[in-house]
Amino acid sequence: MISPQASFVVQADWIVPVDSGPVQNGSVVVDNGIIQFVGTQLPSKFHSISRFKLAGFAILPGLINSHCHLEFSDLQAPIPLGISFPEWIRNLLAHRNAKNIEPEQLAMNRRDAITMGIQESYRAGVRWVVDMTTLPWSSTWITDSVNSLAKEAAYDPVVGEVGLVPRVPICIQPCIELLDIAPQRFELAMSFADKQGSAPESESIGRMGYAPHAPYTTSRNVTKRSAELSQAEDRLVTMHLAESMEEMDWIQDRQGPFSELLGRIISQDYFGGLGQISEHVQLLTNAWRAMIAHGNYLSTIDLNKLASHSANCAIVHCPRTHQFFGHRYLDMAQYPLAERIAIGVKHFLGTDSRASNPDLNLWNEAKQVRRDHSKISSLQIIKMITTEAAEFLCIQDRYGSLIEGQPATLTAIELPKFASSTSTSACGENQVDLYDQLLASDSVSSPLELVLLSKNRPSNT
Ligand SMILES: [Zn+2]
């Protein structure tokens, strides 16, 4: 039996730090859930510790999902699209506010859905989730489900307790949703954000951020306040912006399907502060860090503004959600990812929620980008869900790369059969590019510790 928090060595076909070249037939040493060594020549002091051999796998840094709504993770299938984006929202709200449910039961349902989302994310190799958070919500729901995952991954029925997993296998960063279309909800959410923002920080809960919802529910006053708080407190701001043509129509002249959805609930406070898309973009450039979800219909002027603020502003593209909504306007069926990156707009990837996506597997999003965008390199795609996302979120001291001293929140990618052969190369010259192979349609991502438990037993040979 291996004692908890034991040291161990994992050898794999490829070790892929992402921010430096891949290492073929390399090793990673983990001790107490912390990376101790990454490379080919295992130092002699590690020769006697337990060793796992993972043939047909690559080891990457843990994946970072930059946009998610965990609260909808109980959905078995996406919410039907209907005839317009507002109709989809109406169906989504009907699911969220199911009638004849007592508040206590509603909270328990919400807790269960969030727990399912955390479990699903973790099992796909995701180690950090930026979550759009609405009430009811409790930090204990997060810590309980993270702790139970840690416990599950630290026990093997054959060998007993094993020290394979870092103490915190996945971290959730809540961004509190703010909207003032209904003033009571704004006050409630803001006082909850005040309380949560001053709560002691926990390793399984990332630094709280603000999520002014969208221009059709959030006035420019709320976006301004969120950006100011973000700057003053070093907090992330994230906002849905220019997502659908219906949103653009309504913001422009209060026409189209949104007028029917919003007409009855709109408050005068909000209406007086209704902001154009470009006003929200301008306000977000004042934030410490701002992530714009989707941004499909942003103007060239706004995109150039984001490019000139790429140190603190980025777009989160959610590839399969984009596909789900089937954007048909302005040639938007294919999101212009390569063109936008080329002018300097920073991009990351998210799953959005199960209301518009069949699962929360971020690796599947990366593979979707690989299929859709031939002009973007596979390495660039992988950076969007590892190193570059970690740097933008300022969590690079703990996530996003394979560096000695960092928590071993590692993702194992099961390679297609032919990829682990000698025809694969790190440089790709006259050979199959390793990063392309990682994103091949049949590659699979998992947390390293679960792969070790399911496929291997340690040996000292
Ligand atoms: Zn979203």
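Cut-offs used in this document
Residues numbered from 1 in each chain as written. Predicted model: local features only at pLDDT ≥ 70, side-chain atom pairs only at ≥ 80, totals over all residues. Heavy atoms only, no water. Buried < 20%, exposed > 50% of the residue type's maximum accessible area, 1.4 Å probe, protein only. Helix = DSSP H or I, 4+ residues; strand = E, 2+ residues; numbered from the N terminus. Pairing = 2+ DSSP bridges. Donors = N, O, S within 2.8 Å, 3.2 Å for Na, K, Ca; no water. Tetrahedral: all angles 85-135°; square planar, octahedral: opposite > 155°, others 65-115°. Axes fitted to C-alpha atoms, helices over the stretch in contact; angles between N-to-C directions. Parallel < 35°, antiparallel > 145°, perpendicular 65-115°, else oblique. Left-handed = near helix turned anticlockwise from the far one by under 90°. Contact = heavy atoms within 4.5 Å. Nonpolar A, V, L, I, M, F, W, Y, C, P; charged D, E, K, R; others polar. Core = buried A, V, L, I, M, F, W, Y, C linked by side-chain atoms within 4.5 Å. Phe/Tyr/Trp six-rings, centres within 6.5 Å; stacked < 30°, edge-to-face > 60°. Lys NZ or Arg CZ within 6 Å of the ring centre and 35° of its normal.

K.L.:
So what exactly am I meant to see when it comes to the pairing of strand β6 (residues 126-133) here?
P.N.:
Within a regular strand, the side chains alternate between the two sheet faces. Judged by how many residues are buried, β6 sits mostly within the fold: eight of eight residues are covered. Relative to β6, strand β5 (residues 63-68) is paired through four bridges, and the arrangement is parallel. Following the sheet pairing, Ile64 is matched in β6 by Trp128. Where β6 and strand β9 (residues 171-178) come together, six bridges link them in parallel fashion. Across the sheet, Met132 pairs through a bridge with Cys175, a residue of β9.

K.L.:
How should the coordination of the zinc ion be read in this particular structure?
P.N.:
Geometrically, a metal with four donors at the corners of a regular tetrahedron has ideal angles of 109.5 degrees, and one with six donors at the corners of a regular octahedron has ideal angles of 90 or 180 degrees. Summarising the metal site, the zinc ion is bound by the protein donors His67 (NE2), His69 (NE2), His240 (NE2) and Asp352 (OD), whose distances to it range over 2.1 to 2.5 Å. One can describe the donor arrangement at the zinc ion as irregular, given that its four donor atoms subtend angles of 84 to 168° at the metal. In primary sequence terms, the donor set of the zinc ion follows H-x1-H-x170-H-x111-D. When its relative accessible area of 0% is taken as the criterion, His67 is described as buried.

K.L.:
Explain the sheet that holds strand β18 (residues 444-447) here, please?
P.N.:
Within a beta sheet, neighbouring strands are joined by backbone hydrogen bonds and run either parallel or antiparallel to one another. In spatial order, the strands read β3-β2-β1-β4-β15-β18; together these six strands make up an open sheet with mixed pairing. The open sheet is flanked by β3 (34-39) and β18, the only strands paired with a single partner. On average, adjacent strands in this sheet sit at an angle of 40° to one another, irrespective of strand direction. Inspection of the sheet shows strand β1 (residues 8-15) paired to strand β2 (residues 23-31) by seven bridges, in the antiparallel sense.

K.L.:
Just checking my understanding: could you explain the packing of helix α2 (residues 103-123) against helix α3 (residues 139-153) for this structure?
P.N.:
Helix packing for two helices is described by the angle between their axes and how far apart those axes are. Contact geometry for α2 and α3: axes closest at 10 Å, N-to-C directions at 40°. Relative to α3, α2 is oriented oblique. Viewed along their axes, α2 and α3 form a crossing whose handedness is right-handed. Residues Ala107, Arg110, Arg111, Ile114, Thr115, Ile118, Gln119, Tyr122 and Arg123 of α2 pack against Trp141, Ile142, Ser145, Leu149, Glu152 and Ala153 of α3. In terms of residue class, the contact of α2 with α3 is built from eight nonpolar, three polar and four charged.

K.L.:
Looking at this structure, I do not really get the nonpolar core. What am I missing?
P.N.:
A general trend in soluble globular proteins is that nonpolar side chains are found buried together. Membership of the largest hydrophobic core comes to 97 residues, with the highest contact counts inside it found for Val16, Trp363 and Leu438. Once residues lying within four places of it in the same chain are set aside, the contact partners of Leu438 are Val16, Ala58, Leu60, Trp363, Ile382, Ile413, Leu415 and Ser443.

K.L.:
I keep staring at the packing of aromatic side chains and nothing clicks. Help me out?
P.N.:
The geometry of an aromatic ring pair is captured by the separation of the ring centres together with the interplanar angle, meaning the angle of the planes. Summed over the entire model, instances satisfying the criterion amount to nine aromatic pairs. Relative to Phe325, the ring of Phe324 lies with its centre 5.1 Å away and its plane at 75°, an arrangement referred to as edge-to-face. Centre to centre, the rings of Phe348 and Phe392 are 5.2 Å apart; their planes meet at 50°, and the pair counts as tilted. Taken together, the residues span a long stretch of sequence, with Phe348 in strand β14 (residues 347-349) and Phe392 in helix α15 (residues 387-392) at a distance of 44 residues. Counting every residue linked through ring pairs, the aromatic cluster contains Phe85, Trp88, Phe324 and Phe325. Just above the ring of Trp288 sits the side chain of Arg289; from NZ or CZ to the centre is 4.5 Å. Sitting over the face of the ring of Phe392, Arg289 holds its NZ or CZ atom 5.7 Å from the ring centroid.

K.L.:
What am I meant to see in the pairing of β1 here?
P.N.:
By the criterion of burial, β1 is predominantly enclosed, with seven of the eight residues buried. Strand direction decides the pairing type here: β1 and strand β4 (residues 50-61), joined by seven bridges, are parallel. Bridged to Ile15 within β4 is Ile59.

K.L.:
Quick question: what am I supposed to make of the environment of Ile315 here?
P.N.:
Among the secondary structure elements, Ile315 is positioned in strand β13 (residues 313-317). Spatially, the C-alpha atom of Ile315 lies 26 Å from that of Pro80, the residues being 235 residues apart in sequence. In this structure Ile315 touches Ile292, His294, Leu298, Leu303, Leu306, Tyr335, Arg340, Val345, Lys346, His347 and Phe348, once residues within four positions along its chain are discounted.

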